[in-house]
Amino acid sequence: MAVTLINVFSVPKGKEEEFVQWWEAVKADITKKPGFISGKFHRSIKPNSRFNFINVAIWESEDVFWKAYEKSVTPMKTKLEQLGVEMVPALYDVVFEY
């Protein structure tokens, strides 16, 4: 069953454009991983939002997501630490659609 990744990021002021450029490179890799279905990257319209970027991605299953995550998490965390970015990922099942 497909799962939804909702990954929120708190990006410090002045680091937003560097973060977006880096995420575009990350996206190029992620979209090639087995089990990736689709994704959308969001930026808050309010400049003082704690979590000013949100990534929402659909994966074929929890298992394939974790396999992809394990392969990419170490270099991702290194770059996020360099930028001072807080990342909080979580997986969700759809309860209902409307």
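Our structure is the block above this text.
What comes next concerns the included structure. (Residues numbered from 1 in each chain as written. Predicted model: local features only at pLDDT ≥ 70, side-chain atom pairs only at ≥ 80, totals over all residues. Heavy atoms only, no water.)

## Considerations on helix 1 (residues 16–30)
Here's step 1: With 15 residues, helix 1 ought to run about 21 Å at 1.5 Å a step, and its terminal C-alpha atoms sit 20 Å apart, in line with that.
Here's step 2: Of the residues making up helix 1, those classed as buried are Glu16, Phe19, Val20, Trp22, Trp23, Val26 and Ile30. For helix 1, the angular spread of the buried residues around the axis is 165°, confining them to a single face. Opposite the packed face of helix 1, turned more than 90 degrees from it, sit the exposed residues Gln21 and Ala25.
Here's step 3: Buried residues in helix 1 make contact with strand 1 (3–10), strand 2 (36–43), strand 3 (53–59) and helix 2 (62–83). (Helix = DSSP H or I, 4+ residues; strand = E, 2+ residues; numbered from the N terminus. Expected span 1.5 Å × (residues − 1). Buried < 20%, exposed > 50% of the residue type's maximum accessible area, 1.4 Å probe, protein only. Arc of directions from axis to C-beta. Contact = heavy atoms within 4.5 Å.)

## What to know about the nonpolar core
Side chains of nonpolar character tend, in soluble globular proteins, to be buried together.
Here's step 1: Phe9, Phe19, Trp22, Trp23, Trp59, Leu80 and Val85 are the most contacted members of the largest nonpolar core, which has 24 residues in total.
Here's step 2: Elements with a minimum of two residues in this core: strand 1, helix 1, strand 3 and helix 2.
Here's step 3: Among the elements that line this core, the one with the most residues is helix 2, at 8 residues.
Here's step 4: Ignoring sequence-local partners within four residues, the contact set of Trp59 consists of Ala2, Val3, Leu5, Ile30, Lys33, Pro34, Gly35, Phe36, Ile37, Val64, Phe65 and Ala68. (Core = buried A, V, L, I, M, F, W, Y, C linked by side-chain atoms within 4.5 Å.)

## Comments concerning the pattern of salt bridges
Here's step 1: This model, assessed by the stated rule, comprises 5 salt bridges.
Here's step 2: The residue Asp29 makes a salt bridge to Lys33 at a minimum N-O spacing of 3.3 Å.
Here's step 3: The class of Asp29 is partly exposed, set by a relative accessible area of 38%.
Here's step 4: The exposure class of Lys33 is buried, given its relative accessible area of 19%. (Salt bridge = Lys/Arg side-chain N within 4 Å of Asp/Glu carboxyl O.)

Purely geometric stuff here, so don't read any function into it on its own.
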